[in-house]
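Residues per chain, in single letters:
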Amino acid sequence: MPTLADLSCGQQAEVLAISGHPAFVQRIYELGLLEGERVELVAVAPLGDPIEIRLGNSRLSLRRSEAADIEVRIIPAP
Amino acid sequence: MPTATITVALVGNPNTGKSTLFNALSGLRQRVGNYPGVTVEMKKGQLTADGVNFELIDLPGTYSLAARSPDEMVAVDLLLGRRPEEPRPDVIVSIVDATNLDRHLYLTSQLLDLGVPVVVAVNMIDAAAAQGLTIDYEKLSTALGVPVVPIQANNGTGLPQLVRTIRQAAHERKIPQPVEFPFAFDEIIAHITKELSDQVPPVLVRRLLWDVGGYVEQWLLAEHGERLHHLLAKARDQLAAANCPVPAIEARTRFAWVRQAVAAAVTKPAGRPITWTDRIDAVLTHRWWGTLVFVAVMFVMFQSIFLWAQPLMDQIDAVREWLAQSVAEALPSGPLRALLVEGVIGGIGSVLVFLPQILILFAFIAVLEDCGYMARAAFLMDRIMSRCGLSGKSFIPLLSSVACAVPGIMATRVIENRRDRLATIVVAPLMSCSARLPVYVLLIGAFVARPGSPAWLPGLVLFAMYMIGFTVAPLVALALKRTLLRGAPPVFVMELPSYRRPKLTAVLRRMFDAGKAFVVRAGTIILAAMIIVWALLYFPYIDSNGDSYPARIEQAEEAAAATAERLKELQAIKNPTPEQQAELAELEDVAALPDKLNGQWKRQSLLGRVGLWMEPVFEPLGWDWKIGVAAMASFPAREVIVGTFGLLYDVGDVDPGLVLDPSTDEEGQAKVASLTRAVQEEWAKDPIRGPYGVPVALSIMVFFALCCQCGATLAVIQRETKNWLWPAFTFIYMTTLAYGGAMLTFQLGRLIVG
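The structure displayed is predicted, hence computed values, not measured ones.

S.K.: An account of the overall build of chain A is needed here, citing residue identities and associated values.
M.R.: Helices and strands together make up the secondary structure of chain A, namely two helices and five strands. When the helices and strands of chain A are listed from N to C terminus, the series reads β-α-β-β-β-α-β. Looking at the 78 residues of chain A, the share that counts as buried comes to 46%.

S.K.: I'd like a rundown of the overall build of chain B, residues and numbers included.
M.R.: When helices and strands are counted, chain B shows 34 helices and ten strands. The dimensions of chain B, computed from C-alpha atoms along their principal axes, are 110 × 60 × 55 Å. The buried share among the 754 residues of chain B stands at 44%.

S.K.: Which residues make up the environment of Val519(B), and what values go with them?
M.R.: All names here are of chain B. If you trace the backbone, Val-519 turns up in helix H23 (residues 504-538). Judged by local crowding, Val-519 falls into the partly exposed class, with 17 C-beta atoms found within 10 Å. Residues Val-519 and Pro-332, 187 residues apart in the sequence, show an inter-C-alpha distance of 30 Å. With residues up to four places along the chain from it excluded, the contact list for Val-519 reads Val-351 and Leu-355.

S.K.: Tell me about the interface of chain B and chain A, and please be specific about residues and values.
M.R.: With 35 residues of chain B in contact, the opposing surface of chain A contributes 31 residues. No other element matches the five residues that helix H17 (residues 373-386) of chain B contributes to the side of chain B that touches chain A. Broken down by class, the residue content of the side of chain B that touches chain A amounts to 18 nonpolar, seven polar and ten charged.

S.K.: Report on the domain arrangement of chain B, specifying residues and quantitative values.
M.R.: Entries for chain B in the domain assignment read domain 1 (5-172), domain 2 (183-243) and domain 3 (546-596). For domain 2 of chain B and domain 3 of chain B, the distance between their C-alpha centroids amounts to 86 Å.

S.K.: Outline helix H22 (residues 457-482) of chain B, listing residues and values.
M.R.: Residues and elements named next belong to chain B. Helix length check: H22 (26 residues) gives 37 Å between terminal C-alpha atoms against 38 Å at 1.5 Å per residue, within 8%. Buried within H22 we find Met-465, Gly-469, Ala-473, Pro-474, Ala-477 and Leu-480. Lining the buried residues of H22 we find helix H18 (395-400), helix H20 (418-427), helix H21 (437-448) and helix H32 (693-706).

S.K.: Summarise the sheet that holds strand E3 (residues 51-55) of chain A; cite the residues concerned and give the values.
M.R.: Read from one edge of the open sheet, six strands run E5(A)-E1(A)-E2(A)-E3(A)-E4(A)-E10(B), paired in antiparallel fashion. The sheet terminates laterally at strand E5 (70-75) of chain A together with strand E10 (494-496) of chain B, the two strands that pair on one side only. Taking each pair of neighbouring strands and ignoring which way they run, the sheet shows an average axis angle of 40°. For strand E4 (residues 58-62) of chain A and E10(B), the ladder comprises three bridges, and the chain directions are antiparallel. Across the sheet, residue Arg59(A) finds its bridge partner in E10(B), namely Leu496(B). Lying on the sheet, H17(B) is in contact with E3 and E4 of chain A together with E10 of chain B; it crosses E10(B) at an angle near 125°.

S.K.: Please set out the pairing of E3(A) residue by residue, giving values where relevant.
M.R.: All names here are of chain A. Most of E3 sits out of view: four of its five residues are buried. As defined by bridge partners, strand E2 (residues 38-44) adjoins E3 across four bridges and the pair is classed as antiparallel. Within E3, the residue paired with Ala-43 across the bridge is Glu-52. In textbook terms, the turn of a hairpin is the stretch between consecutive antiparallel strands, and for E2 and E3 this stretch comprises six residues, one of which, Gly-48, has a positive phi near 85°. Linking E3 to E4, which pair antiparallel, is a turn of two residues; within it Gly-56 sits at a positive phi near 60°.

S.K.: Go over the nonpolar core with me, naming the residues and quoting the values.
M.R.: Grouped burial of nonpolar side chains is what soluble globular proteins tend to show. Residues and elements named next belong to chain B. Judged by nonpolar contacts, the single largest core of 230 residues is most densely connected at Leu-10 and Met-701. Among the elements that make up this core, the one with the highest residue count is H23 (eleven residues). Built from parts of two domains, this core gets at least three residues from each of domain 1 (5-172) and domain 2 (183-243). Look past the residues within four positions of Met-701 in its chain and what remains in contact with it is Val-439, Tyr-440, Leu-443 and Met-465.

S.K.: Explain helix H8 (residues 202-210) of chain B residue by residue, including any values.
M.R.: Residues and elements named next belong to chain B. With respect to burial, H8 is a largely interior element, seven of its nine residues being buried. Along H8, the positions that sit buried rather than exposed are Leu-204, Val-205, Arg-206, Arg-207, Leu-208, Leu-209 and Trp-210. Where the residues of H8 are buried, they touch helix H7 (183-195), helix H9 (215-224), helix H10 (226-241) and helix H11 (248-265).

S.K.: Run through the packing of helix H24 (residues 549-572) of chain B against helix H25 (residues 578-603) of chain B, naming residues and quoting values.
M.R.: All names here are of chain B. In the contact formed by H24 and H25, the axes pass within 8 Å of each other and the chain directions differ by 150°. In terms of axis orientation, H24 runs roughly antiparallel to H25. Judged by the twist between their axes, the crossing of H24 over H25 is left-handed. Across the interface between the two elements, Tyr-549, Arg-552, Ile-553, Ala-556, Glu-557, Ala-559, Ala-560, Thr-563, Arg-566, Leu-567, Leu-570 and Gln-571 from H24 touch Gln-580, Glu-583, Leu-584, Leu-587, Glu-588, Val-590, Ala-591, Leu-593, Pro-594, Leu-597, Asn-598 and Trp-601 from H25.

S.K.: Provide a residue-level description of the packing of H21(B) against H32(B), including the pertinent values.
M.R.: Residues and elements named next belong to chain B. One can describe the packing of H21 onto H32 by two numbers: an axis separation of 10 Å at closest approach and a directional angle of 170°. Taken together, the axes of H21 and H32 lie roughly antiparallel to each other. Contacts between H21 and H32 involve Val-439, Tyr-440, Leu-443, Ala-446, Phe-447 and Val-448 from the first element and Gly-693, Val-694, Ala-697, Ile-700, Met-701 and Phe-704 from the second. Counted by class, the contact of H21 with H32 contains eleven nonpolar, one polar and no charged residues.

S.K.: Describe the confidence of the model for chain B, with residues and values.
M.R.: Low-pLDDT portions of the prediction should not be read for the details of their coordinates. Mean pLDDT over chain B works out to 86, with 97% of the residues at or above the 70 mark. Predicted complex metrics record ipTM = 0.95 and pTM = 0.82.

Basis of the calculations
- Residues numbered from 1 in each chain as written.
- Chains lettered and ligands numbered in written order.
- Predicted model: local features only at pLDDT ≥ 70, side-chain atom pairs only at ≥ 80, totals over all residues.
- Helix = DSSP H or I, 4+ residues; strand = E, 2+ residues; numbered from the N terminus.
- Buried ≥ 20, exposed ≤ 12 C-beta atoms within 10 Å, placed from the backbone.
- Contact = placed C-beta atoms within 7 Å.
- Nonpolar A, V, L, I, M, F, W, Y, C, P; charged D, E, K, R; others polar.
- Domains from an automatic or database assignment.
- Expected span 1.5 Å × (residues − 1).
- Pairing = 2+ DSSP bridges.
- Axes fitted to C-alpha atoms, helices over the stretch in contact; angles between N-to-C directions.
- Core = buried A, V, L, I, M, F, W, Y, C linked by C-beta atoms within 7 Å.
- Parallel < 35°, antiparallel > 145°, perpendicular 65-115°, else oblique.
- Left-handed = near helix turned anticlockwise from the far one by under 90°.
- pLDDT = per-residue confidence, 0-100.

Written as structure tokens, this is what we have:
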């Protein structure tokens, strides 16, 4: 199953499941990243980590190790 | 006549313009509220409107009431009226971003549970209109069940309406209707509340159940132990079985409620328009362009802390000198004059001299943070900083510490994670600050840059001194994060806010707050430290014959001044006669006497005696007692070593600024040159420091590179951590490192030279 860490720039995906440390899962939820939400990978930092994603009107930075805890379904570009 | 005071708490996500609203409402009537046991400070402000007094509390920005640390718990306790120093708020103002309602109303829904009237302030309505969003505030108010006021905090739109609504809400005392949770959930809450014998309000029982490993859980488990642990595990299992897993159930239920409210009130354009933030981010978080811009921004910031601050610091120094001169002329000589001139005026000067750097750095930080770039900088630097167990947010504080650790440590306020912040604070003084430079330059000039040594060697040694800090700091940070500051893996998810234009008044306010905090709270401690060391070098001031050193020095100075003309004449003679030679030698002795007396005095002062007694401690470092005394005298401020060296080597006080500035007057240059010569000559006669001059010089430099010889830094650490343990820890670990490093340097150097 692909995760958020597998996206490439400009790719969109739908969140399927979030696992990991309870504090992390709760924070992700609080930021509005729930199962079923759509996200887009906006940018990758110079050394390949962390990544910037867009969720609606907000942008989040996640470390790759954290992004790997978020399973997604990649939405093919139209 | 004001009838009563209405207490209002402002709560909102970070970057909602909460502080802007707070400042707009309270103007200059603000103060900082401190809470024992926590490092956060909350601002309190006052407002009077239509004869009613409002007491405003600006709570730290947060995404949720799920507290994970004592700092976050303060806000929750305060809202519930559980802090003894604050009354329970009469009204909570939930401030939300109009362009981000579907996320920010999550916190609003948590606030509805608290049993306090809530008013929602929808901020940034201009940005929402620009994005084509239309919001029906009536419908939103109906859906949320609380009053809603549209505002634009940065130009004051809607604020009178907001104040009226707050007053009405306080008057009506209408408790909002909490968001409904599934039935199974409420049953379990009731059960646990009873088990805790109704000591804990139901709101906190919910937090106990939802926040796995959160602060409420830690706190109650410590009180109730094993039994509660079982109860909690069972309850969470039950919920999972009833398809209400923790913590997802809270997010799902609340966001479903939020979505419904937003759907009822907000009309969005069909396609998402490309915003300015999209366009700017395409450059600023880009792999190459973003890095380039980042390097440029850091370069400008760094240069300005160094360059722009320098003239201001020189001005402060000049005023200090002028003041010292005036007082010295107005008062008769004696301990009182010396205390005022050298202790108090010198001490205050050494506090104020930090102000320019603090103000400039905080202007940069305020602009970078308000416009949204700070988060991008942290994003770009995160990978590098993660190597030493920190996050990207530690980068700017550590970089600023290369100029000066004091503003650097104050800049750690941008780091929310407590452990990361402490680790950054504790290693910041290791970064080689600008006060170390005169020490390096003096010693490199005296012992490394000698005739015959390669031209690149001085530069290499200076580079090595800087590299010591750059390598040791990350190692210490890593060690701390693995030991003292170990804890649950922190969450690094970070919001990258929309770009905004920073406001001048907000920037000025940040600069003022930082400057005031430093001068008022750190200044007093620094002053005390300066006066203590001054006294240790001043007393006793009576020599073995019962004469006062200051009086003798004054006489000697007068004698030297009286013969100065004749001395110059004699020095100018090309081929002096034997009589003239004898007179010249005599007058030169007269000219050198004040410095010689000063040296004698300092050597038999309290600190001098302690140094003599402690000589065995300095021996492994290759130091004699003079170097030891100079090092000890520089604990309040490391650049003092240059002046102390001058005193101990009988050349008189030397201004450390002269070492770095070759353009200064001839007299100053002569002083530095004679100090260099005096140290070289005296060391040449010594069995240890003669042959091993370079290892000894290196050992002093390494000591200064690693040691926390800065009272201001320790005072600021105390201020920022609200605890004396952290400055004590910093001082001890750095002194130990410095001693070990200096010893290693000398012993290795001796082997190599030998």
